[in-house]
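In case you want the letters, here they are:
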Amino acid sequence: MNKLASRRRVLKSTTVGLATAVGLPLLDCFLNANGNAMAATDGKKAGAPLPVCFGTWWQGLGLNPGRWIPEKVGAGYTHNVELKPLEKFTGRMNVISGTKYFLDGRPLETHTTGLQIASMGRIPTGVNTVASLDSEIADVIGKNTRFRSIELALDGSRASVSKRAGSATNPSDPSPEALYARIFGPEFRDPNAADFTPDVQAMARRSVLSDVQDERMSLAKELGASDRARLDEYFTALRQVEQQLDIELRKPDPLPACSASAKPTDIKTGREVAFVEQNIKMFGTLMAHALACGQTRVFNVMVGSLGLRKPGTTQSWHPLTHEEPIDDALGYQKEVTWFIDFMNRGFASFLTELDSIKEGAGTVLDRSVVVWQTDHGYARTHTIDALPIFTVGGAAGRLKTGIHVSAAGDPATRIGLTMQQAMGVQRGSWGGLSNETSKTFTEILA
Amino acid sequence: MKQMHLIAVAVCAALASCAPAEDKVSGAGTTAGVAPVVAGEATMRRLTAEQYQNVIADLFGDTIELGGRFEPELRVNGLMAVGASSVSVTAAGMEQYDMMARRIAAQIMDEKRRALMMPCQPADAKLADDACARQFLAESGLWLYRRPLTDAELGSYVTTANKAAARLGNFHDGLAMSFSAMLASPRFLFRQETLEPDPAHKGQVRLTAYAKAAQLSFFLWNSGPDRALFEAARTGEIHTPKGYAKQVDRMIASPRLERGVRAFFVDNFHFDEFSLLTKDAEIFPKFSAQVLADAQEQTLRTVVDLLVKRRGDYRDIFTTKKTFLTQELAAIYKVPVAEHGPNGSPDIWQAFEFSKDSAYGGVQSQIAFTALHSHPGRSSPTIRGKAIREILMCQKVPAPPGNVDFKLVQDTNNPVYRTVRQRMDAHATNPVCTGCHKITDPMGYALETFDGGGAFRTKENGADIDASGTLDGKQFKSAMELGKVLHDSPATANCLVNRMASYATGRTFKREPWIQAMEQGFAAQGYVVPELMRAVALHDVFTRVAPPAQQAAN
Amino acid sequence: MRSMKRPLAAAVLFAAAAFPAALFPRAAFALESRSVVIGWLGQATMNGDKDCGAEGPNPVIGDQYLKHLKDLGYSGEEVEALAKKSAEGGPGMDPVLEIVWMRGRVDGKPTNPYVYPETAIDPKLKPLDGKFAFGFDLDGKGADQASAFTDPDTLEKGVDHEMYRALGCMRSFRGSLTGRPTYWAWAWGQTRDSQPAWIVTVTGEDLSKDGDVTVTFDRALEHVKSNPDGSPKSDATYRADPDPRSHNVFKGKMKDGAVTVSEAADFRMLQNPLIAPELRLDHAKVRISFKEDGSATGMIGGYQPWRDLYWGMANGAPGVELCVTGDIVGMYYLLKHHADFDPDPKTGQNRAISATYYFEAVPAFTTPAQQTASK
């Protein structure tokens, strides 16, 4: 009997759940951060991996040039002084330095243009815009969740980076209370108890792919030995796509770490740093539970940096960036730097919440990626080059971490394209005019 | 691949070949009574990204977006066209093919486009429609499989479409399912050399008419056959020498030949390496993604203009002053090129001729060569010399031994050894190194007047650059003089002949008598590249293959 | 070599190093041109620690707003209460901004102070106190005047740069040639990529030697070309706009690689109206120094209509005031008081103020716009 045919029979007779037993390599995206194929709690039972999650963190007003770029490029870098608050995530995050927003002759709308390019890849020419990055990603990874995405703002506003195509913005939930009510209110259903209806499109595709498999015999007859081996590789690859579909067609495995969050109490919203500090933590807790319970797979955090202020002062973060003199001894603006440090600590606190829910060997953060971006490289003079970008979390094994990538002069949209490809959005290039790129950060793609 | 031909051997071989043995050389094409030259065993080549794109564009127009990533291609003996015969599909690659297939199918079946894209519409859009599905799938199948579908194949796709339409309650969704399966089929993704018994040579095989048509169109147009070529295959006209020659003539005269010539040079010049090229922004501030794209385009336009539009002498690509520039490139070359298009247009091309005294001339002086074959922050005569030997002259340069201390070479701030030549001389005290460096560096030094970003310079770190050197005994003092030596060297033209034959067939050839005959033919007709392509297309080696080896199959 | 000789007859701009020399035979009266494109332009400042007295620069905008409240007659307790409420945030308009953004008074009624600056109380912001400023002796009075500065580079005395004195203690106008003032960084950032490039061409018999030169400032048809990192790109090609409204010619001298314009001339350059529709400097003087790589830095000083500057800011008020400039009406009064040129025949109020701008430029090719027929 032909070897290929017999192997085919083995494959055909193998139930999907035992895929590993026949020794076929699994698709990369089926691996979690630990390289284990499955995330089942008992460590033995084969099941679907926990899904990947995507988050954005928009923190306007940049950082201080010279205080955040790690000295070393590549793996094993150490954090520069301004990123010390994120020290505990070293090895689980990436730093991307040197990118830029391109204006192509359009005026710089300070604090706005950067957000548009980072989220949409371009400066829109009218009210009708393309969808933002997170919406594109949600269309792929968030199709079957209760919320396509969740937006929240730390400064009590409704501002958000998330846009659907057209002119619609997805507004932020301004307070932890509002977010709690939306996710864990009466409409919340325990996902582990929910019924399951397989997707009819996936079922049709599954059957179509089987037809392609049937072409194998006729084709193999025409080929020599080495080409048959190549054809065999092709069909093995095809089989893996089928397996992926098979997983989609089964009832999802239970979400072991799902539990409803406690209701936040004693909430004050506003732009005072003490409120913001408290709310970051509460928002973090809520998001961690929402992700663990599969309520959404995409979220967007708007920091609302511009208006943040310390109690008892008239100056908020934004005017300080322009009016505070550079401290001669320090070489940077002292008060502005206090805000930067405050908000970087806030980012760390949010991430800590995501990292506190354990799922098997990993955490919610391990199967997520949170992308930190900003409007200006240096807010004092509104520069739009040398932008800081960070990603935190391994995205369920889709990303490599612990790497500093220096991308001097490249469009910042490279991160958007990289994230879309990592999340499975079909896109070879992204962005408009000079902000268009077809170069991903291959350094961090697993 | 392990076998290293030291360059000395290659050079000796080249010298020996200057007087080819006439009696061993056979003429181009099949001579009656003489056994045909067989290229080798039948191959199965994976479509390149560009070929995939071209086929879809030929079939549905170029507004279809593919999305997705193609798997990296493999270079074998200088060409990815050869590597295509040994690559398969990985799981990640299959996922991309599958997604692209669905994306393309969805665009064709899109409510706003389907009237344009499809030859028919169903009687009821909610139900399966056997006749319309059959018509669409048969037509698309011809282009994707590059032959008519068999009844069984068509029947299977139609059944799939009908079943899916019933399940989804939508004709177009069902048809999209079936069509995306066709796009993911190995019959589409791999070009297979299918064979049949050859009536003219008893006991031998030849390419089938449709396989022959595909072979021809991918070589000359880098895409699938057009309708006329399919027709020549259907009627069997393509099997007659006259009918075949007629198709070759028609295809060489077609504007699509430019696409084929571009594809060849993209492959031959290693332009795929641009996707990994980075330049230190501090040292080369003008280098941008646009420059990377424009630099490749500049060289391709230079080559196509000279070789196809003006049917010039291939050897002139090493000396030509005529080129095309954008403003991005002009700023690096430091020449004035005003933008004549709309303000801000990033991609306006201007014909430009470098002055007689300019150091620029020939493709080896262009950014796509000098910057591609350099380090991120500095130039390298070794890398450039190696590229000249391997890419332009088909000679193999051995890899450096391990355990080499490159510290001195890399120390661009060295106060004593200020030019790379001085540093190399100091570095190459080890006789093992000197041997290899002698093969590459003297040619590379001539290009030292171009920095690692392709800009002209006369000094490095304040010291004058000495651009003199020798190539196979010929002396030169500048980049332009190196171009003249390359122009006059028989190795460059002969290399092109070998590469062209390899590219066309996906195979590697030694300098066999039939190749030598082709070299002579190329010289005799004035080194006109489209004529060389014609000679390759008309040669036995292009259409005759042996049946695949079966021994390991069972 | 960036420069070449051209026949005198062809009086068009041309810096075309790479053009075949044969096309332009060296004639007896040959001229050489060198062009640069301006990549940065802003007021020339040189602020130090002690130039605003012991209390330092004028207050930050938040504190300034509280001072406006006091000027309007609010009591200390009232101001404190309003400030507290403002800091707490909450729905609706900020209570402090609500008042100060309408602090003008006409017949006791609140008025927009940015549109009608004279209806608002002069907050009497302090000007700069210093001896040195970049610029030129524009009025020719030399050292013989109390208010004049000394230029720190040329050591010229009697330098007129009253805009520096007027705005030198406004936080967003403070800076140096390298530490760019926030306002000018913002203004140039807004305009640079949204207006045609400005090109400067120096023409003379032999630019490697000392001698007479002509300096022209023109607008291009293209925007400034940038490197990927945002810095202006060297060796790009620009077409000079034939529009005479932005064509400026100065006579000067080349000495030791630096160009000085001796004869003052009026300078007009159309620009992005966000700042002002035109940069206008009357009786302007220029100096430029070239570096070995062909790049240049320079100063251009003259008398500028100060209302142009005011309206550039007031048009963006109150947002620009809060975010970028600081007290705009305060600056209205500062500019008005320090204006030193062009008195209004009726009121005697000076309508222009001496100003000096600093520019940085990189080498460029210039071709006349009309020679652009497509090939």
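As a convention, each chain's residues are numbered from 1 in the sequence order in which they are written. Whichever chain is written first becomes A and whichever ligand is written first becomes 1, with later ones labelled in order. Local features in this predicted model are restricted to residues of pLDDT 70 or higher, and side-chain atom pairs are both shown and tallied only at a pLDDT of 80 or more, whereas totals for entire chains, interfaces and linings draw on every residue.

(A) Representation of the overall build of chain B within the structure. To qualify as a helix, a DSSP run of H or I must reach at least 4 residues; to qualify as a strand, a run of E must reach at least 2; elements of each kind are numbered from the N terminus. Across its full length, chain B holds 25 helices and ten strands. Every C-beta atom is placed from the backbone, and the number of other C-beta atoms within 10 Å of a residue's own sets its class: buried at 20 or more, exposed at 12 or fewer, partly exposed in between. Going through the 554 residues of chain B one by one, you find that 49% of them count as buried. Considering only contacts in chain B between residues 6 or more positions apart, those separated by 24 or more positions represent 68%. Residues are scored as being in contact if the C-beta atoms we place from backbone atoms lie within 7 Å.

(B) Structural detail: the overall build of chain C. Each helix and strand in chain C was counted, giving eight helices and 14 strands. Expressed as lengths along the three principal axes of its C-alpha atoms, the size of chain C is roughly 80 × 50 × 40 Å. The burial tally for chain C puts 52% of its 375 residues in the buried class.

(C) Summary view of the domain arrangement of chain B. Residue and element names in this part refer to chain B. According to the domain assignment, chain B consists of domain 1 (47-191), domain 2 (194-254 + 491-548) and domain 3 (264-488). Averaged C-alpha coordinates put domain 2 and domain 3 at centres separated by 33 Å. In this assembly, 13 residues from domain 2 lie in contact with 14 residues from domain 3. When contributions to the side of domain 2 that touches domain 3 are tallied by element, the ones reaching two or more residues are helix H22 (490-505) and helix H24 (529-538). These domain boundaries are the output of an automatic or database domain assignment.

(D) Spotlight on the sheet that holds strand S8 (residues 368-373) of chain A. Residue and element names in this part refer to chain A. Across the sheet, eight strands lie side by side as S2-S10-S3-S9-S8-S1-S5-S4; this open sheet has mixed pairing. Two strands lie at the open edges of the sheet, namely strand S2 (74-75) and strand S4 (150-153), each paired on one side alone. Two strands make a pair as long as DSSP finds a minimum of two bridges between them. Bridging between strand S3 (residues 93-99) and strand S10 (residues 403-406) involves three bridges; their strand directions are parallel. Looking at the pairing, Ser-97 lines up with Ser-406 of S10.

(E) Spatial organisation of the interface of chain A and chain B. Between chain A and chain B, the contact holds 41 residues from the first and 46 residues from the second. Elements that contribute at least two residues to the side of chain A that touches chain B include exactly helix H5 (200-213) and helix H7 (225-249) of chain A. In terms of residues, the side of chain A that touches chain B owes the most to one element, H7 of chain A, which gives eleven residues.

(F) The confidence of the model for chain B, seen in detail. On a scale of 0 to 100, pLDDT captures the predictor's confidence in every residue. For chain B, per-residue confidence averages 86 on the pLDDT scale, and 89% of positions sit at 70 or higher. Counted against residues more than four places away or in other chains, residues 1-33 of chain B, with its pLDDT under 50, gives 38 contacts.

(G) Layout of the environment of Leu-47 of chain B. Residues and elements named next belong to chain B. Along the polypeptide, Leu-47 turns up in the loop between strand S1 (44-46) and helix H2 (49-60). For the pair formed by Leu-47 and Met-251, sequence separation is 204 residues and the distance between their alpha carbons is 20 Å. The contacts of Leu-47, once residues within four sequence positions are left out, are Tyr-52, Leu-189 and Arg-191.

(H) Quick look at the domain arrangement of chain C. Residue and element names in this part refer to chain C. One can read the domain layout of chain C as domain 1 (37-50 + 128-368) and domain 2 (61-119). Those elements that provide at least two residues to the side of domain 1 that touches domain 2 are helix H7 (319-325) and helix H8 (328-338). The element that contributes the greatest number of residues to the side of domain 1 that touches domain 2 is H8, accounting for three residues. Under the scheme applied here, ten amino acids are nonpolar (Ala, Val, Leu, Ile, Met, Phe, Trp, Tyr, Cys and Pro), four are charged (Asp, Glu, Lys and Arg), and all others, including Gly, are polar. Split into classes, the residues belonging to the side of domain 1 that touches domain 2 amount to seven nonpolar, one polar and two charged.

(I) View of unusual backbone geometry. The omega torsion across Ala-317 of chain C and Pro-318 of chain C is 0°, close enough to zero to call that bond cis. Mapped onto the elements of the fold, Pro-318 of chain C is located in the loop between helix H6 (306-314) and H7. Positive phi, close to 60°, is recorded for Arg-146 of chain B, a residue that is not glycine. Checked against the element boundaries, Arg-146 of chain B lands in the loop between helix H6 (130-145) and helix H7 (151-168). Using a count of 25 C-beta atoms within 10 Å as the deciding quantity, one classes Arg-146 of chain B as buried. For Lys-124 of chain C, which is not a glycine, the phi torsion comes out positive at approximately 55°. Its place among the elements puts Lys-124 of chain C in the loop between strand S4 (109-111) and helix H4 (162-167). When the 11 C-beta atoms within 10 Å are taken as the criterion, Lys-124 of chain C is described as exposed.

(J) Molecular detail of the confidence of the model for chain C. Residue and element names in this part refer to chain C. Taken over all residues, the pLDDT of chain C has a mean of 87, while the share at 70 or more is 90%. In the model of chain C, strand S1 (residues 5-7) stands out as the element of lowest mean pLDDT, 36, in contrast to H8, which has the highest, 98. Both scores are available for the predicted complex, with the pTM at 0.78 and the ipTM at 0.82.

(K) A look at helix H5 (residues 182-191) of chain C. Of all ten residues in H5 of chain C, nine are buried; the element is thus mostly enclosed. Within H5 of chain C the residues assigned to the buried category are Thr-182, Tyr-183, Trp-184, Ala-185, Trp-186, Ala-187, Trp-188, Gly-189 and Gln-190 of chain C. In the core, the buried residues of H5 of chain C are packed alongside helix H9 (317-323) of chain A together with strand S2 (30-43) and H7 of chain C.

(L) Up close: helix H1 (residues 61-71) of chain C. For H1 of chain C, the full list of buried residues reads Ile-61, Gly-62, Tyr-65, His-68 and Leu-69 of chain C. Take H1 of chain C and look down its axis: the buried residues cluster within an arc of 110°, on one side only. If you follow the buried residues of H1 of chain C, they end up packed against H9 of chain A together with helix H2 (76-88), helix H3 (95-100) and H7 of chain C. It is the directions from the helix axis to the C-beta atoms whose arc is reported.

(M) Spatial organisation of the pairing of strand S6 (residues 211-223) of chain C. Residue and element names in this part refer to chain C. As paired strands, strand S5 (residues 196-204) and S6 are joined by eight bridges and run antiparallel to one another. Directly across from Val-200, in S6, lies its bridge partner Phe-217. What sits between S5 and S6 in their antiparallel hairpin is a turn of six residues. Two elements, S6 and strand S8 (residues 248-255), share seven bridges in a ladder whose sense is antiparallel. Bridge pairing links Thr-216 to Val-249 in S8.

(N) Molecular detail of the environment of Ser-132 of chain A. Residues and elements named next belong to chain A. Within the secondary structure layout, Ser-132 lies in the loop between helix H2 (113-120) and helix H3 (133-141). Along the primary structure Ser-132 and Ala-118 are separated by 14 residues, whereas in three dimensions their C-alpha atoms are 8.7 Å apart. Discounting residues that sit within four places of it in the chain, Ser-132 has contacts with Ser-119, Met-120, Val-161, Ser-162 and Lys-163.

(O) Inspection of the environment of Thr-323 of chain B at higher detail. All names here are of chain B. Secondary-structure assignment places Thr-323 in strand S5 (residues 322-325). Placed 28 residues apart in sequence, Thr-323 and Ala-351 show a C-alpha to C-alpha distance of 6.0 Å. Leave out the neighbours within four places in its chain, and Thr-323 touches Gln-298, Thr-302 and Phe-352.

(P) Local environment of the packing of H22 of chain B against helix H23 (residues 513-524) of chain B. Residue and element names in this part refer to chain B. In this analysis, axes come from line fits to C-alpha atoms, helices being fitted only over the stretch in contact, and the angle between any two N-to-C directions falls in the range 0 to 180 degrees. Packing of H22 against H23 brings their axes to within 9 Å, and their N-to-C directions diverge by 120°. The angle between H22 and H23 places the two elements in the oblique class. As for how H22 packs across H23, the hand of that crossing is right-handed. Counting all contacts with H22, which are made through Ala-493, Asn-494, Val-497, Asn-498 and Ala-501, the residues of H23 involved are Ile-515, Met-518, Glu-519, Phe-522 and Ala-523. Its residues placed into classes, the contact of H22 with H23 shows seven nonpolar, two polar and one charged. By definition in this entry, angles of less than 35 degrees are roughly parallel, angles greater than 145 are roughly antiparallel, angles of 65 to 115 are roughly perpendicular, and the rest are oblique. By the definition used in this description, the sense in which the near helix is turned from the far one sets the handedness, with an anticlockwise turn below a right angle giving left-handed and a clockwise turn giving right-handed.

(Q) Looking closely at the packing of H5 of chain A against helix H8 (residues 171-183) of chain B. Put simply, H5 of chain A and H8 of chain B touch, their axes get as near as 9 Å, and they point 40° apart. By crossing handedness, the relation of H5 of chain A to H8 of chain B is classed as right-handed. Contacts between H5 of chain A and H8 of chain B involve Ala-204, Arg-205, Val-208, Leu-209, Asp-211 and Val-212 of chain A from the former and Met-177, Ser-178 and Ala-181 of chain B from the latter. Here the residues of the contact of H5 of chain A with H8 of chain B are counted per class, giving six nonpolar, one polar and two charged.

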